[in-house]
Amino acid sequence: MARIENHKYSIQQAFQECFYIIPDYQREYVWTDKEVNQLLDDINEQIDGGHEREYFIGTVLVSPTEQKTHYEVIDGQQRLTTFFLLLCAMKQMFRGETQHQIINGLISTSYVDKSGETRTNLKLEPRYENAGEVIAKLVELDANPQAVRAGIQAAGITSFGSLENLIDAYSAIYRYLEDNYEDKSKLKKYWGYLANNVVFIQISTDVSSALKIFETINERGVGLNPMDLLKNLLFTQVPQAQFTQLKNEWKKITGPLEKEKEKPLRFLRYFLMANYVIENDRSDAVVREDEIYDWFVNKDNAALCDYRNKPFEFVRKIIRNVESYISFGKGLGNDGKLNIPMDSLKRLTGGAFSLHYVLLLAAAPLPKALFDHFVAQLEGFLFYYIFTKTPTKDLERNFSLWADELRKLAAMTDPVEQRTALNTFVADHFQSNMEAKAQELSDALKRLTLHTMQQYRTRYLLARLTQHVEMAFNGVKTPGSLGSFTGLEIEHILPNTPTDALRVQWAAENSNALYDDYKNRLGNLTLLEKPINIVAGNDFYSGKTAGYRKSGNYLTRSLTELTEVGQNSSVTRINRMLNSYPAWNAKSIDDRHGKLIELAKDVWRTTPLDG
């Protein structure tokens, strides 16, 4: 058993006696103004309350290095870094005072190394990214935040992400002290309490034992999220010589998620449900965010993931899923390239719905043609659920269980067997559920107005209907990008802002129909090119028809006249689902609304793979 030592330190004692190294494999500085100000407020409250007793801020877990009094920080770097920045700010504010020199000795100090050379070291040395350069320059400048930021930029030190967090935290601390301790006597009182009464317990042991203790302290995720705990769990599985390698691999997980502003815990949930059979006491096959870490440390699940025997293979599996997850979020396919089915799906789901990533991640290994087909079928299924506003909790369990089937399907090696299995999957899960919700969807679409859904979804609905009609009119079988349709303007056939004369005419001809109700109904909406829309303006229907005839979209042109081509052509077939209208009134809007609902059933439906 490794030797474990613990010692109680005040802030002054800690920075007098210890040198703290933040190793490059550790989490970067992530505190924002909120956490920094909370810490400062907590200390301030103790002072304002007249408390002389010690204020305990928790434990700091370290591992001694070969150099005496030099420690690698395993847990507590956010607090230690913040206190170091606090010392830097106080040193600057105490310029010309005796406190300045004392605090300077807590920030950096000189010592004699083994060869007898005198060295000057900072008491806190972060070794991730360029953090060491940022901290060293901040100490060297000994200035206000504006001057520090300018000096770091002038030195050509790249600062972003966690490095920017360091500068922001220094600025927040400096502002806090200026706002609350402008009077030097009050500042001295604050310094006295901070130096002597703010204390923590420092636990020191070898790296391996320290990581184990860290896991035990945080086994319920207190103060850390499951992503941090998983990272630590993996570090306990590799020798110290591989820490940097593992850290670099881990950044391939967190870096892309941070860059795309994706929530890491949401990704982890979807990763688990997409890649593993989920069993729990609720029998719902769902992992919640607060259950992620407990799931990983469960003995059976640990064996399932095999991260103890093959930690790097496990991490690379997560990396592959992150890459797919980010690609899918951009509307790209499972090959990372532009993908029409994925782009269309993205326009439906937007950023408000993401649960389908469970299925996409599970289906990602499918051959491209099968994956694209799967996505197209998924789009139809999700249209039914999104436009009926079905709660996502109704889908979570199903998606997790369906992902288990998709993994088996994706692993099939016989192409014919695989296509047959995918057709069966779509029929059993998507088609059957769509049939069960068909009446509910019809009712929802009957009530649909411009403001029922988010406008991007209403635009998506109109774009898909317009595209479908256009494909039929031109005899095209495979849809292209929706971009050329979603870029069109939503036109109110019955004007959104009518003239008084039009309101009077409407009331006279449609006595039982409210104008402001009918103008926003689905049947009154169409897509129109901007130049034509500008000319159409708020005119009567009769004044708009000439513009509608010029539209590049048959769904809009058909309002005024249906084009006849042959006797059983694709045009005549689509004409059976459309109507032209010599006049525009409540009856016309109701009729067109019904036509669009029937058209929607033809657009969003499942189709089997041939062959």
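The shown structure was predicted, so the numbers you read here are calculated from the model rather than taken from an experiment.

Visitor: Honestly, the overall build of the protein chain in this entry has me stumped. Any pointers?
Guide: Helix and strand content of the protein chain: 30 helices and 10 strands. A globule of 611 residues ought to have a C-alpha radius of gyration of about 25 Å, yet the protein chain, at 32 Å, is considerably larger. Taken over the C-alpha atoms alone, the protein chain extends approximately 100 × 65 × 45 Å along its principal axes. Relative to its full complement of 611 residues, the protein chain shows a buried share of 54%. Summing over all exposed atoms, the protein chain offers an accessible surface of approximately 28100 Å²; the carbon and sulfur share of this is 48%.

Visitor: Is there a simple way to explain the sheet that holds strand β2 (residues 19-22) in this structure?
Guide: Note on sheets: strands pair through backbone hydrogen bonds, and any given pair is parallel or antiparallel. If you walk across this open sheet you meet the 6 strands as β1-β8-β3-β4-β2-β7, and the pairing is mixed. Of all strands in the sheet, those with a lone pairing partner are β1 (5-10) and β7 (124-126), marking the two edges. This sheet shows a mean twist of 35 degrees between the axes of neighbouring strands, independent of strand direction. As judged from the 6 bridges shared by strand β3 (residues 55-64) and strand β8 (residues 198-204), these two strands associate in the parallel manner. From the neighbouring strand, L61 faces β8, where its bridge partner is I203. Across the face of the sheet, helix α3 (residues 77-93) comes into contact with β2, β3, β4 (70-75), β7 and β8 while running at roughly 105 degrees to β3.

Visitor: I would appreciate a short explanation of the pairing of β4 in the present structure.
Guide: Walk down a regular strand and you will see the side chains alternate between the two sheet faces. Among the 6 residues of β4, 6 are classified as buried, and the element is accordingly described as predominantly covered. With 3 bridges connecting them, β2 and β4 associate as parallel partners. Bridge pairing in β4 links I21 to E72. As paired elements, β3 and β4 share 4 bridges and run antiparallel to each other. Counted as the bridge partner of V62 is V73 from β4. Here β3 folds back onto β4, and the loop between the two strands holds 5 residues, one of which, T69, carries a positive phi near 65 degrees.

Visitor: Sorry if this is basic, but what is going on with the packing of helix α18 (residues 368-387) against helix α20 (residues 415-436) here?
Guide: Geometry of a packed helix pair, given as the angle between the helix axes and the separation of the axes. Relative orientation of the contacting elements α18 and α20 amounts to 5 degrees, with a least axis distance of 10 Å. Comparing their axes, α20 and α18 come out roughly parallel. Seen from α18, the contacting residues are L370, H373, F374, Q377, L378, G380, F381, Y384 and Y385; seen from α20, they are Q418, R419, L422, N423, F425, V426, H429, F430, N433 and M434. Its residues assigned to classes, the contact of α18 with α20 shows 11 nonpolar, 7 polar and 1 charged.

Visitor: So what exactly am I meant to see when it comes to the pattern of salt bridges here?
Guide: Any two side chains of opposite charge can pair, given that their charged atoms come close. As enumerated under the stated definition, the model contains 28 salt bridges in all. The partner of K8 in a salt bridge is E54, and the shortest N-O contact between them spans 3.0 Å. One end of the pair, K8, is in strand β1; the other, E54, is in the loop between α2 (33-48) and β3, with 46 residues separating them in the sequence. With relative accessibility at 42%, the residue K8 sits in the partly exposed group. Judged by relative accessible area, E54 falls into the partly exposed class, the value being 43%. Ionic contacts of the salt-bridge type, sharing partners, join the residues R149, E164 and D168 into one network.

Visitor: Looking at this model, I keep getting lost on the packing of helix α5 (residues 131-141) against helix α7 (residues 162-180). Mind explaining?
Guide: Following both chains from N to C, one finds α5 and α7 inclined at 25 degrees, their axes separated by 9 Å at the closest point. One element, α5, and the other, α7, form an angle in the roughly parallel class. The interaxial crossing formed by α5 with α7 has right-handed handedness. Every residue of α7 that contacts α5 at A131, V134, I135 and L138 is listed here: L163, L166, I167 and Y170.

Visitor: What's the story with the layout of surface pockets in this structure? I'm lost.
Guide: Over the atoms rolls a probe the size of a water molecule, and in doing so it shows where empty space is left. By volume, the largest pocket amounts to about 1200 Å³. As for the largest pocket, its lining consists of 36 residues, and the residues nearest its centre are H468, M471, K477, T478 and P479. When residues of the lining of the largest pocket are traced back to their parent elements, those giving at least two are α16 (340-349), α18, α22 (455-474), α29 (570-575) and α30 (586-603). For the lining of the largest pocket, the element with the most residues is α18, which contributes 7 residues. Grouping the amino acids of the lining of the largest pocket by side-chain chemistry returns 15 nonpolar, 11 polar and 10 charged.

Visitor: Sorry, what's going on with empty space enclosed by the protein here?
Guide: Per the counting criterion, the structure on display carries 2 cavities of 30 Å³ or more. If you add up the space inside the largest cavity, you get close to 60 Å³. Taken together, L555, S558, L559, L578, N579, Y581, R592, K595 and L596 make up the lining of the largest cavity. With 3 residues, α30 is the single largest residue contributor to the lining of the largest cavity.

Visitor: How should I be thinking about unusual backbone geometry in this particular structure?
Guide: It is generally the case that most residues other than glycine have a negative phi and that most peptide bonds are trans. Positive phi is not limited to glycine here, since T69 has a value of about 65 degrees. Take T69: it is sitting in the loop between β3 and β4. We note that A285 has phi near 60 degrees; this positive angle belongs to a residue other than glycine. Considering the arrangement of structural elements, one finds A285 in the loop between α12 (264-275) and α13 (292-297). Judged by its relative accessible area of 6%, A285 falls in the buried class.

Visitor: Where do I start with the packing of aromatic side chains in this structure?
Guide: Note on aromatic pairs: each is described by the distance of the centres and the angle between the planes. Evaluated as defined, the whole model comprises 36 aromatic pairs. A ring pair is formed by F328 and F371, whose centres lie 5.5 Å apart and whose planes are at 20 degrees; its orientation type is stacked. Taken as a pair, F328 in helix α15 (residues 311-329) and F371 in helix α18 lie far apart in primary sequence, 43 residues in all. Note on F371: relative accessible area 0%, which makes it buried. Here the aromatic cluster, defined as three or more aromatic residues joined through ring pairs, consists of F267, F271, Y276, W295, F296, Y307, F314, Y325 and Y357. Lying over the aromatic face of Y385, K437 brings its terminal NZ or CZ to 4.7 Å of the ring centre.

Visitor: Please explain the pairing of β2 as it appears in this structure.
Guide: Every second residue of β2 is oriented toward a common face, with F19 and I21 on one face and Y20 and I22 on the other, all of them buried. In terms of strand pairing, β2 meets β7 through 3 bridges, oriented parallel. Of the residues in β7, the one forming a bridge with Y20 is L124.

Rules behind the numbers
- Residues numbered from 1 in each chain as written.
- Predicted model: local features only at pLDDT ≥ 70, side-chain atom pairs only at ≥ 80, totals over all residues.
- Heavy atoms only, no water.
- Helix = DSSP H or I, 4+ residues; strand = E, 2+ residues; numbered from the N terminus.
- Rg over C-alpha atoms; globule rule 2.2 N^0.38 Å.
- Buried < 20%, exposed > 50% of the residue type's maximum accessible area, 1.4 Å probe, protein only.
- Areas by Shrake-Rupley, 256 points an atom, 1.4 Å probe, with all protein chains shown as cover.
- Pairing = 2+ DSSP bridges.
- Axes fitted to C-alpha atoms, helices over the stretch in contact; angles between N-to-C directions.
- Contact = heavy atoms within 4.5 Å.
- Parallel < 35°, antiparallel > 145°, perpendicular 65-115°, else oblique.
- Nonpolar A, V, L, I, M, F, W, Y, C, P; charged D, E, K, R; others polar.
- Salt bridge = Lys/Arg side-chain N within 4 Å of Asp/Glu carboxyl O.
- Left-handed = near helix turned anticlockwise from the far one by under 90°.
- 1 Å grid on protein atoms, 1.4 Å probe; cavity = no way out; pocket = protein on both sides within 12 Å on 5 of 7 lines; lining within 4 Å.
- Points joined across faces, edges and corners; volume = space filled by probe spheres on them.
- Phe/Tyr/Trp six-rings, centres within 6.5 Å; stacked < 30°, edge-to-face > 60°.
- Lys NZ or Arg CZ within 6 Å of the ring centre and 35° of its normal.

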